[in-house]
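Okay, here's what each chain looks like letter by letter:
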Amino acid sequence: MDWQDRATKEKSLGEVYWKARKVGSTRRNFGMAVLATVCFCLLTAIDRCLELGVLNLSTLKVLVGQIADIGFALTTAILGFLIAGFSIFASITRPEIFAGLAKLDHKDTGLSRLQFIFFNFLLVFIHYLAFLAMSVALKLGLPLAPSLIEALSQYFATTEIIAWWFGVGLVALLVGWLTFLIMLLKSFIWNIYQAVLVVIVTGDAILELEKKASNAAEADE
């Protein structure tokens, strides 16, 4: 496949996300997210078995609200920082270097070095945008939850139990996802360091090729 076609093959964020997982979403990040989810589930099981009543519906509502607040503040702050950094990085780098990166493969990922660099940005953007959307939806919908549960309990006797299990699952999902975002940011910082090194090495290689071509042209004259 020609390098221009490969560089413009992805037509949506979904396609970018599917490929970006190869370079930005490591097993350690996912493992930490699973560990956080399992820890919360264990606490829930202990609370349920000992009938402590700590994680009741009201407590779960507070937890969801707090995670939504943290997620909203975190994602908006980080996205602003990342977009600014992405714009600066893309504007100060020579187009010739980007073209050279697009022609070189990145290890065994099936991606070019250019895709490796930019997919690391985009993977974080996608996850943080998705979590921001989730946080906004929760902040808007959470005040309606008690009224909805009360209305449904008039028709279904098990509504509160179902709502409790739904709340536990939602909190577990949010805790794991938030942990993953923090770990992803850690990987993002490391990948930026690698990206800068790749740009420097590729830029130096391009300069060497330009010097050789210039010297060869002068020799022919």
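Analysis parameters
- Residues numbered from 1 in each chain as written.
- Predicted model: local features only at pLDDT ≥ 70, side-chain atom pairs only at ≥ 80, totals over all residues.
- Heavy atoms only, no water.
- Helix = DSSP H or I, 4+ residues; strand = E, 2+ residues; numbered from the N terminus.
- Buried < 20%, exposed > 50% of the residue type's maximum accessible area, 1.4 Å probe, protein only.
- Contact = heavy atoms within 4.5 Å.
- Areas by Shrake-Rupley, 256 points an atom, 1.4 Å probe, with all protein chains shown as cover.
- Expected span 1.5 Å × (residues − 1).
- Bend = angle between axes of the 7 residues up to and from the residue.
- Patch = residues over 30% accessible without salt bridge, like charges linked within 9 Å, V, L, I, M, F, W, Y side chains within 5 Å.
- Salt bridge = Lys/Arg side-chain N within 4 Å of Asp/Glu carboxyl O.
- Phe/Tyr/Trp six-rings, centres within 6.5 Å; stacked < 30°, edge-to-face > 60°.
- Lys NZ or Arg CZ within 6 Å of the ring centre and 35° of its normal.
- pLDDT = per-residue confidence, 0-100.

**Student:** Lay out the overall build of the chain with the relevant residues and their values.
**Tutor:** Across its full length, the chain carries eight helices and two strands. Along its sequence from the N terminus, the chain presents helices and strands in the succession α-α-α-α-α-β-β-α-α-α. Relative to its full complement of 221 residues, the chain shows a buried share of 36%. Of the contacts formed within the chain by residues at least 6 apart in sequence, a portion of 81% connects residues at least 24 apart. Roughly 13500 Å² of accessible area belongs to the chain as shown, and the carbon and sulfur atoms make up 69% of that amount.

**Student:** I'd like a description of helix H6 (residues 113-141), backed by residues and values.
**Tutor:** Relative to the 42 Å expected for 29 residues at 1.5 Å per residue, H6 spans 42 Å between its end C-alpha atoms, a close match to the ideal helical length. A maximum bend of about 30° is found in H6 at Phe119.

**Student:** Got a sec to walk through a nonpolar patch on the surface? Specific residues and values, please.
**Tutor:** There is a patch of nonpolar side chains on the surface, built from Leu43, Ile46, Leu50, Leu52 and Val54 and spanning about 500 Å² of accessible area. The topology assignment puts Ile46 in helix H3 (residues 27-49). Looking at Ile46, the relative accessible area reads 45%, which means it is partly exposed.

**Student:** Explain the packing of aromatic side chains to me, using residue names and the numbers behind them.
**Tutor:** Overall, the coordinates contain two aromatic pairs when judged by the stated rule. Each ring, one from Phe131 and one from Trp177, has its centre 5.0 Å from the other, and the planes form 85°; the classification is edge-to-face. A residue pair is termed long-range when its members are at least 10 positions apart, and Phe131 in helix H6 and Trp177 in helix H8 (residues 159-220) qualify at 46 residues. With a relative accessible area of 1%, Phe131 lands in the buried category. Here the aromatic rings of Trp164 and Trp165 are separated by 4.8 Å at their centres, their planes lie at 80°, and the arrangement is edge-to-face. Looking at Arg48, its charged tip hangs above the ring of Trp164, at a distance of 4.5 Å from the centre. Lys139 extends its terminal NZ or CZ atom over the ring of Phe72, reaching a point 5.8 Å from the ring centre.

**Student:** Now, about the environment of Arg21: what can you tell me, with residues and values included?
**Tutor:** With respect to the helices and strands, the residue Arg21 is situated in helix H2 (residues 13-24). The exposure class of Arg21 is partly exposed, given its relative accessible area of 31%. When the C-alpha atoms of Arg21 and Phe119 are compared, they prove to be 8.6 Å apart, with 98 residues separating the residues in sequence.

**Student:** Could you give an account of the confidence of the model for the chain, with specific residues and numbers?
**Tutor:** The share of residues in the chain with pLDDT of 70 or more is 84%, and the mean pLDDT across the chain is 79. Mean pLDDT values for the elements of the chain range from 68 in helix H1 (residues 3-7) up to 88 in H3.

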